[in-house]
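# Notes for the structure review
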Amino acid sequence: MRKLRTQRAIAVLASVLLVGGVAACGNSDTGGGGSKDDGKITMGFSQVGAESGWRTANTTSIKESAAAAGVELKFDDAQQKQENQIKAIRNYIQQKVDVIAFSPVVESGWDTVLKEAKDAGIPVILTDRSVDSADKSLYKTFLGSDFVKEGRLAGEWLVEQKKTASGPVNIVELQGNTGAAPANDRKKGFGEAIAANPNLKIIASQPGDFTRAGGKQVMEQFLKANPKIDVLFAHNDDMGLGALEAITAAGKVPGKDITIITVDAVKDGMQALADGKFNFIAECSPLLGPQLMDLAKKVHAGEEVPPRIETEETTFTQEQAKEALPNRKY
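These remarks concern the structure in this document.

Reading the values: the criteria
Residues numbered from 1 in each chain as written. Predicted model: local features only at pLDDT ≥ 70, side-chain atom pairs only at ≥ 80, totals over all residues. Heavy atoms only, no water. Buried < 20%, exposed > 50% of the residue type's maximum accessible area, 1.4 Å probe, protein only. Helix = DSSP H or I, 4+ residues; strand = E, 2+ residues; numbered from the N terminus. Arc of directions from axis to C-beta. Contact = heavy atoms within 4.5 Å. Pairing = 2+ DSSP bridges. Axes fitted to C-alpha atoms, helices over the stretch in contact; angles between N-to-C directions. Parallel < 35°, antiparallel > 145°, perpendicular 65-115°, else oblique. Left-handed = near helix turned anticlockwise from the far one by under 90°. Nonpolar A, V, L, I, M, F, W, Y, C, P; charged D, E, K, R; others polar. Phe/Tyr/Trp six-rings, centres within 6.5 Å; stacked < 30°, edge-to-face > 60°.

This brings us to helix 4 (residues 111-119). Looking at helix 4, one finds that the buried residues are V113, L114 and A117. Relative to the axis of helix 4, the buried residues are bounded by an arc of 100° and lie together on one face. Relative to its buried face, helix 4 has exposed residues pointing more than 90 degrees away, namely T112 and D119. On its buried face, helix 4 is in contact with helix 3 (82-94), strand 3 (99-102) and strand 4 (124-127). Where helix 4 ends, the next residue or the one after it, G121, has phi of about 75°, a positive value.

Pairing in this open sheet of six strands is parallel, and the strands run 2-1-3-4-5-11 from one edge to the other. The outermost strands of the open sheet, each flanked by one partner alone, are strand 2 (72-77) and strand 11 (308-310). Going across the sheet, the axis of each strand differs from the next one's by a mean of 20°, ignoring polarity. With six bridges connecting them, strand 1 (residues 42-47) and strand 2 associate as parallel partners. Paired with T42 across the bridge in strand 2 is E72. Seen against the sheet, helix 10 (residues 289-300) touches strand 1, strand 3, strand 4, strand 5 (141-144) and strand 11 and runs at an angle of roughly 160° to strand 4.

Attention now goes to the packing of helix 7 (residues 212-225) against helix 8 (residues 237-249). Closest axis-to-axis distance for the helix 7/helix 8 pair is 7 Å, and the angle between their directions is 45°. When the interaxial angle is binned, helix 7 and helix 8 end up oblique. Seen from above, helix 7 lies across helix 8 with right-handed handedness. Of helix 8, the residues touching helix 7 (which contributes R212, G215, K216, M219, E220 and L223) are D238, M239, L241, G242, A243, E245, A246 and I247. For the contact of helix 7 with helix 8, the per-class residue count stands at seven nonpolar, two polar and five charged.

With that settled, the discussion passes to the packing of aromatic side chains. Under the counting rule described, the total for this entry stands at four aromatic pairs. Look at F45 and F75: their rings are 6.0 Å apart centre to centre, the planes differ by 15°, and that puts the pair in the stacked class. Of the two residues, F45 sits in strand 1 while F75 sits in strand 2, which places them 30 residues apart along the sequence. By relative accessible area, which is 0% here, F45 ends up buried. Judged by relative accessible area, which is 30%, F75 ranks as partly exposed. Centre to centre, the rings of W157 and F280 are 4.9 Å apart; their planes meet at 15°, and the pair counts as stacked. You can see W157 sitting in helix 5 (residues 147-161) and its partner F280 sitting in strand 10 (residues 280-283), a full 123 residues away along the chain.

So, in structure tokens, the structure goes:
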């Protein structure tokens, strides 16, 4: 009898251990992104917002590329607010995603949350916009444009166009969001380039927040305060398109009475350039999705990647815009 009881006890214990083992395996399989063993990468992505045609094209590129690459994408729209992005990144950390990528609303104020991601063992990729952190180990790489170069190309074109000008050339500047990397850098590059011609003077510079509404509103203020404006430099096409409305409403001819230079080269901007309403565009490609997914797979696998990866871009005159428009993807 004692022997029978002992055998039953062993059987019960074995059953308990078996059930416990199955439960433990079940918990492992249903954990966060980093604990899945199905081989699929989970990416948490925080987007700046939907403030422009460029941003919309960028979001579409990321979503379509994630689907094509088999990457599970958790997407968040920060609506132009840094606090929303920080909250989203912390949520991704809690969800234990494999990779975090984001386009920072502004350059500063990221060290704390990026350190949290690093401590959790989740690699971070910056896309489109950079951060000003002194600790470069907080993110794996930056994928995007050289914004200083874009501003410089815009300024160099203007210098060439106005090299024979005998009198002052009055320039107004529509900046992007205050503190954003493209706004800071495009302003810097443009300013450095036009310094070569002392006749070129920026008489007013104000943020238009990268939106058409902002561009129109600020341009209206510029026109009221400055009776003689020769050139408009807008940090993106959408602000330039908004400014077109204000310029036309003021009885001036855009592209003739006021030379208009922008950055991005989205389809609406290219159309304005081809129509002679814009004069020059420095390209900034939003189609970063395929490169981002490739980088995500590499950093997840522990591969070394360059600290900075620039996108290939060009510039457009009015005639070049006419040639490029039929095949423009965004």
